[in-house]
Amino acid sequence: MIVEKVIGNIEEIEDIKAFHVEKVVLESDDLLKRVQRVQTDHGTELGISLPPNHTLRDGDILHQEGKNLIVISVKADDVLVIRPSSMMQMGIVAHMLGNRHLPAQFEEDAMIVQYDYLVERLLNEEKFSYTRENKKLKQAFRHVDHSH
């Protein structure tokens, strides 16, 4: 089977327990790949061929047949979750990490970056509040094109 579009996300389904869910388990980096061959946790093989500029998200529904769904499930990433105590601290952290061109995601009061021992050392030196977590992210870290 070739999947050419995402037909929804399980977050949009009110009673997900009424469905049988087959999962395609991916690393978060694989969410950025438009074309790939995958296998579900039940052994079903799929080809994914999405349109340009389309990326996958955790919970995306690739196929539905009655009450059976094939859904993307993202593995947890090793990340640093930084929770600055003030706007000043947020600015300093953003500046330091921006100089490293490190992609970040934001959730509520936290900045999330992929684990890096040098960043962890820097956060410790500056006495910034953070935790190292295995966290399931909704989307992949995306590097921004840049030039100096």
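Residues numbered from 1 in each chain as written. Predicted model: local features only at pLDDT ≥ 70, side-chain atom pairs only at ≥ 80, totals over all residues. Heavy atoms only, no water.

- Under an unreviewed UniProt entry, the name given to the protein chain is Urease accessory protein UreE, and the organism recorded is Candidatus Cellulosilyticum pullistercoris.
- Quoted verbatim from the Sequence similarities (unreviewed entry) field of UniProt, the annotation for the protein chain is "Belongs to the UreE family."
- Database annotation for the protein chain, UniProt heading Subcellular location (unreviewed entry): "Cytoplasm". (UniProt positions renumbered as here; feature names shortened; annotations may be inferred.)

1. A word on the pattern of salt bridges
Okay, so step 1: The full count for this structure, using the stated rule, is seven salt bridges.
Okay, so step 2: The shortest N-O distance in the salt bridge between aspartate 58 and lysine 136 comes to 3.7 Å. Of this pair, aspartate 58 sits in the loop between β5 (45-49) and β6 (60-65) while lysine 136 sits in the segment after β11 (130-135), placing them 78 residues apart in sequence.
Okay, so step 3: Taking the relative accessible area as the measure of exposure, lysine 136 reaches 43% and is therefore partly exposed.
Okay, so step 4: The shortest N-O distance in the salt bridge between aspartate 109 and arginine 83 comes to 3.8 Å. With aspartate 109 in the loop between β9 (104-107) and β10 (110-114) and arginine 83 in the loop between β8 (77-82) and α1 (87-99), the pair connects residues that are 26 residues apart, well separated along the chain.
Okay, so step 5: Given the relative accessible area of 35%, arginine 83 is considered partly exposed. (Salt bridge = Lys/Arg side-chain N within 4 Å of Asp/Glu carboxyl O. Helix = DSSP H or I, 4+ residues; strand = E, 2+ residues; numbered from the N terminus. Buried < 20%, exposed > 50% of the residue type's maximum accessible area, 1.4 Å probe, protein only.)

2. Notes on unusual backbone geometry
Okay, so step 1: Positive phi, close to 55°, is recorded for histidine 101, a residue that is not glycine.
Okay, so step 2: In this structure, lysine 127 takes a positive phi of about 60° despite not being glycine.
Okay, so step 3: Note on placement: lysine 127 falls in the loop between α2 (117-125) and β11.

3. Here's the deal with α1
Okay, so step 1: Taking 1.5 Å of rise per residue, the 13 residues of α1 would be expected to cover 18 Å, and the 18 Å separating its terminal C-alpha atoms lies within 8% of that figure.
Okay, so step 2: Burial in α1 covers these residues: Gln89, Val93, Met96 and Leu97. One face of α1 carries all of its buried residues, which in axial projection span an arc of 90°. Projecting away from the buried face of α1 at angles above 90 degrees are the exposed residues Met87, Met88, His95 and Asn99.
Okay, so step 3: Summarising the contacts, the buried residues of α1 are in contact with β8, β10 and α2. (Expected span 1.5 Å × (residues − 1). Arc of directions from axis to C-beta. Contact = heavy atoms within 4.5 Å.)

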